[in-house]
Amino acid sequence: MKRLLLFTAALMLMTVGCDMRPRDGAPGATGAAGATGGDGKAGASGADGKTGVDGATGQAGSAGAAGTAGATGAAGATGAAGADGAEGAKGDKGRPARP
């Protein structure tokens, strides 16, 4: 650390009174104009993409379930009792007996 301080102090003493500004000289010649760049070339078109792979075949549907059997019908109602028969017709009067 001491060496750094001594070096810095020595440098300061040596530069006292020196003109640190650059000297002004005559202006230089004007530089030539730069060339204009050419137009860039157009890029190449990209190649067509590959065709996609075919899709997988779909699975076959499963068979439908069989229907359940229908319920048995209820027993029929008992038939109504038959009506009474009509009264028979009266017979004809008998013939008189023969003598």
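Reading the values: rules and limits
- Residues numbered from 1 in each chain as written.
- Predicted model: local features only at pLDDT ≥ 70, side-chain atom pairs only at ≥ 80, totals over all residues.
- Heavy atoms only, no water.
- Helix = DSSP H or I, 4+ residues; strand = E, 2+ residues; numbered from the N terminus.
- Buried < 20%, exposed > 50% of the residue type's maximum accessible area, 1.4 Å probe, protein only.
- Areas by Shrake-Rupley, 256 points an atom, 1.4 Å probe, with all protein chains shown as cover.
- Expected span 1.5 Å × (residues − 1).

Draft legend 1. Broad picture of the overall build of the protein. Of regular secondary structure, the protein possesses one helix and zero strands. Scored against the burial criterion, the 99 residues of the protein give a buried share of 0%. If you sum the accessible surface of the protein, you get close to 11,000 Å²; carbon and sulfur atoms cover 56% of it.

Draft legend 2. Highlighting helix α1 (residues 2-14). Compared with an ideal rise of 1.5 Å per residue, which puts 13 residues at 18 Å, α1 spans 18 Å between its outermost C-alpha atoms and is within 8% of the ideal. Along α1, only zero of the 13 residues are buried, which leaves the element largely exposed.

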